[in-house]
Amino acid sequence: GTGAHMYSGAFGAHVASVLRRLRRLAAMYGGGGFRFACCSATLGNPRELFCRLTGAGAGGASGEPLLVVDWDGSPRGRRQLVLWNPPLS
């Protein structure tokens, strides 16, 4: 997998162009099952960036809905929240 981060300037335009060309070629040669998988731990708007990079609409590259995974399913211990109001003196 490739991390999708904030590409800008000439490099960002080049990345977007390559991904859009790849999508177009896959469609032309019958790549109906072609899918992009992008990941990032730092993006606040992954759906928007994916659509801008690949030229896909909000419905995904092939019209199917985009799946944005924005939850962490990894195992972890129980959390405890403790609030303490210390005395002023």
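Residues numbered from 1 in each chain as written. Predicted model: local features only at pLDDT ≥ 70, side-chain atom pairs only at ≥ 80, totals over all residues. Heavy atoms only, no water.

The next thing to look at is the overall build of the chain. Check the secondary structure of the chain and you find two helices and two strands. In the chain, the order of α-helices and β-strands from amino to carboxyl end is β-α-β-α. Looking at the 89 residues of the chain, the share that counts as buried comes to 16%. Counted over contacts in the chain with a minimum sequence separation of 6, partners at least 24 positions apart contribute 57%. (Helix = DSSP H or I, 4+ residues; strand = E, 2+ residues; numbered from the N terminus. Buried < 20%, exposed > 50% of the residue type's maximum accessible area, 1.4 Å probe, protein only. Contact = heavy atoms within 4.5 Å.)

Turning our eyes to something else, we now look at the environment of Pro46. Along the chain, Pro46 turns up in helix H2 (residues 46-54). For Pro46, a relative accessible area of 36% puts it in the partly exposed group. Along the primary structure Pro46 and Val68 are separated by 22 residues, whereas in three dimensions their C-alpha atoms are 7.3 Å apart.

Before going further, it helps to examine the nonpolar core. Within the largest apolar cluster, five residues are counted, these being Val15, Ala16, Leu19, Leu49 and Leu53. For this core, the element with the highest residue contribution is helix H1 (residues 9-28), accounting for three residues. (Core = buried A, V, L, I, M, F, W, Y, C linked by side-chain atoms within 4.5 Å.)

For the pair H1 and H2, the least separation of the axes is 7 Å and the interaxial angle reads 75 degrees. Between H1 and H2, the angle falls in the class roughly perpendicular. Residues Val15, Ala16, Leu19, Arg20 and Arg23 of H1 form the contact with H2, whose own contacting residues are Cys51, Arg52, Leu53 and Thr54. Broken down by class, the residue content of the contact of H1 with H2 amounts to five nonpolar, one polar and three charged. (Axes fitted to C-alpha atoms, helices over the stretch in contact; angles between N-to-C directions. Parallel < 35°, antiparallel > 145°, perpendicular 65-115°, else oblique. Nonpolar A, V, L, I, M, F, W, Y, C, P; charged D, E, K, R; others polar.)

For the rest of this paragraph, the subject is the confidence of the model for the chain. Across the chain, the average pLDDT comes to 78, with 80% of residues at or above 70. In the model of the chain, strand E1 (residues 2-3) stands out as the element of lowest mean pLDDT, 51, in contrast to H1, which has the highest, 84. (pLDDT = per-residue confidence, 0-100.)

Here we take up a nonpolar patch on the surface. Together, Leu25, Met28 and Tyr29 give the surface a local cluster of nonpolar side chains, amounting to about 380 Å² of exposed area. Along the chain, Leu25 turns up in helix H1. (Patch = residues over 30% accessible without salt bridge, like charges linked within 9 Å, V, L, I, M, F, W, Y side chains within 5 Å. Areas by Shrake-Rupley, 256 points an atom, 1.4 Å probe, with all protein chains shown as cover. Salt bridge = Lys/Arg side-chain N within 4 Å of Asp/Glu carboxyl O.)

Along an α-helix, a turn takes 3.6 residues, which lines up residues three or four apart on a common side. Taken residue by residue, H2 has Leu49, Phe50, Cys51, Leu53 and Thr54 as its buried positions. Those residues of H2 that are buried are in contact with H1 and strand E2 (38-39). Of the residues trailing H2, Gly55 is marked for its positive phi of about 80 degrees.

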